[in-house]
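Here are the chains, one letter per residue:
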Amino acid sequence: MERMMKRQTEGRAFFAMSCIEADVQGEFPPSKPRRFCVDKPGETRPERPCRVVSIRLQPAMAIVFRIRDFFHPLLINRLRCEFERNQWKAPEALADMQEKRLNEILAHSYASVPIYRAKFDAAGLKPSDIRTNEDLKKLPVLSRAEARSAGKALHASRLRGLHPVEYHSSGTSGTPFAMLHDKNANALEFAYYWRHWSWAGYRLGDSFADLGSVYFLTRKSDDIQAWQPLLRRLNLSSHQVSPTNAPLMARELERRDCKILKGVASTVYHLALSMEEAGVRPRPLRGVISTGETLLPHQRALIKDIFGCLIFDSYGHMERTVAVSQCEKGGRHVNSDYGLLEFTNIRPSPDGTTLLAEGLGTGLHNRAMPFIRYETGDTFELFRDPQPCPCGRTFPLVKAIHGRQEECVVTPDGRHLTSLFVLPEFVTGLRETQFVQEKADSLVIRVVTGNEFDANQEEQLKSFTQRLTGPSMRISIARCQRDDLVRARSGKFRTVIPLQSSTADKSPASTSPV
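Residues numbered from 1 in each chain as written. Predicted model: local features only at pLDDT ≥ 70, side-chain atom pairs only at ≥ 80, totals over all residues. Heavy atoms only, no water.

*Asks:* What should I look at first to understand the confidence of the model for the chain in this one?
*Replies:* The predicted structure's coordinates, where accompanied by low pLDDT, should not be read in detail. Mean pLDDT over the chain: 81, with 79% of residues reaching 70 or higher. Considering only residues more than four positions removed or in separate chains, one finds that residues 503-514, a stretch of pLDDT under 50, has 29 contacts. (pLDDT = per-residue confidence, 0-100. Contact = heavy atoms within 4.5 Å.)

What follows is the structure in structure tokens.
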């Protein structure tokens, strides 16, 4: 009986560990749902209605999914066992494993993905010309703009058996992007997070808390918390974080016996600030999983003090080419079995003690839509000489990752919002979106739109934003051109322009106040 109960608990946790909440859009025969229309090689027939899955994502890891799209237990278990061994392998063995997977993905991409066939041919190369990681430099870089404009040229021509699922995400870039992830890519994500969370002491069956906004927005709920018993997940609303609500959140963490808290770095920090101001501290957790942004030292110290545990940073992106995860000893490990990370434009840091470089990622698992030498858009800080980690894991280390720190909007009632960038995922027809707080009670949403963005979509964007910011915030929408959007000095797009810097650039675009 005890063994049966353990299996049932592990089954629930196995289900819970990597879930993504999906909507179904478009028409399809209810009796014959399918992910994508694929035919046998050489078969031609009129295009059939398809099921398109649009998945709403939080940064790094959204934890609610449809089992039939994401649940491949045999594949996940095999990959999980492999991942457990990989982290302790000798560097030479890791390199051999990585090059083997690289050769497989390159051969597949040349044979099945139009954009890579063209890149190989233009460079006068065949997959056999690239045998090592160093050889990969012979191929041109895939820019973010090129990937977004490639459309189906970035898709494999034969999708049968890959079980692809379409994900829509703009992330922090402000530009929508549709991606295909196949069963290998989804199993990869599951196994990766399973391993990383275990570094923080998580075990299958443990309760955990997810601090975010998507769960509540999709249900049009203004609740502060929601418990999902099957998933063992406590949802905490990130847009309800305040000193007033902090005691309830602390009580729920204890009541549900949560071992792990996951959330965007700055949102977790604002929860810790609110708990400090309210004079409450929950029972110590085993770990906090920080995603999406870079924690500053004072933020890390407060989170550790309030929650009584270590913080485990997690870096990744929806293209799933690179994953960096922090261990219990503080090392930031590049997961060599997840993807291949190259460094370009390597130069000394300002103080000369470390190096700075841009990152290119190559995915080693996703065959439905491979990314090869893909611009991550982030800057990595490197040690001048390779460093071993006291934890004993042999994955390479980076010192830090820069470029993922989101600004926040402060509402009139004192709440700090860092998740506004998810809102464009709920609206059709947005090409780029930027939130500019011009006054304490005034927020302008600058949008670059397509033909699909009509009055109904505009009203939906206003409505979602109003729900996050509260009734005291005045919301207006300004239609503009890309050149009107504010960018950092480096040229990188900024999704949120906070109050103190919003006067730097004001567009003459027409606005429609609420």
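*Asks:* Before we go on, may I ask you to explain the packing of aromatic side chains in this structure?
*Replies:* Pairs of aromatic rings are described using the distance from one ring centre to the other and the angle between the two planes. Taken as a whole, this structure holds twelve aromatic pairs when the rule is applied. Measuring from ring centre to ring centre gives 6.1 Å for Phe190 and Trp194, while their planes differ by 75°; the resulting arrangement is edge-to-face. Taken together, the residues span about one helical turn, with Phe190 and Trp194 both in helix α7 (residues 183-199) at a distance of four residues. In terms of burial, Phe190 and Trp194 fall into one category: buried. Geometrically, the ring pair formed by Trp197 and Tyr202 is edge-to-face, given 5.3 Å between the ring centres and 85° between the ring planes. The same class applies to Trp197 and to Tyr202, which are both buried. Among the aromatic side chains, those forming a connected cluster through ring pairs are Phe177, Phe371 and Tyr374. (Phe/Tyr/Trp six-rings, centres within 6.5 Å; stacked < 30°, edge-to-face > 60°. Helix = DSSP H or I, 4+ residues; strand = E, 2+ residues; numbered from the N terminus. Buried < 20%, exposed > 50% of the residue type's maximum accessible area, 1.4 Å probe, protein only.)

*Asks:* It is not clear to me how the nonpolar core should be interpreted in this structure. Could you clarify?
*Replies:* The tendency in soluble globular proteins is for nonpolar side chains to be buried as a group. Membership of the largest hydrophobic core comes to 32 residues, with the highest contact counts inside it found for Leu106, Leu154 and Phe371. Elements represented by at least two residues in this core include exactly α4 (91-112), α5 (114-122), α6 (144-150), β3 (165-169) and β4 (177-181). For this core, the leading source of residues is α4, giving four residues. Setting aside anything within four residues of it in sequence, one finds Phe371 in contact with Tyr116, Leu142, Ala147, Leu154, Phe177, Met179, Glu319, Thr321, Gly361, Thr362 and Gly363. Core analysis: the next-biggest nonpolar cluster, separate from the first, contains 29 residues, Val241, Met249, Leu253 and Ile311 among them. (Core = buried A, V, L, I, M, F, W, Y, C linked by side-chain atoms within 4.5 Å.)

*Asks:* Any chance you could explain the sheet that holds strand β15 (residues 374-382) here in plain terms?
*Replies:* What links the strands of a sheet is backbone hydrogen bonding, and the strands pair in either a parallel or an antiparallel sense. Across the sheet, four strands lie side by side as β13-β14-β15-β17; this open sheet has antiparallel pairing. The strands lining the two open edges of the sheet, one partner per strand, are β13 (339-348) and β17 (400-402). Here the strands of the sheet are splayed against their neighbours by 35° on average, with no regard to which way each runs. Both β13 and strand β14 (residues 355-363) contribute to a ladder of eight bridges, which runs antiparallel. When the sheet's bridge partners are listed, Leu341 is paired in β14 with Gly361. (Pairing = 2+ DSSP bridges. Axes fitted to C-alpha atoms, helices over the stretch in contact; angles between N-to-C directions.)

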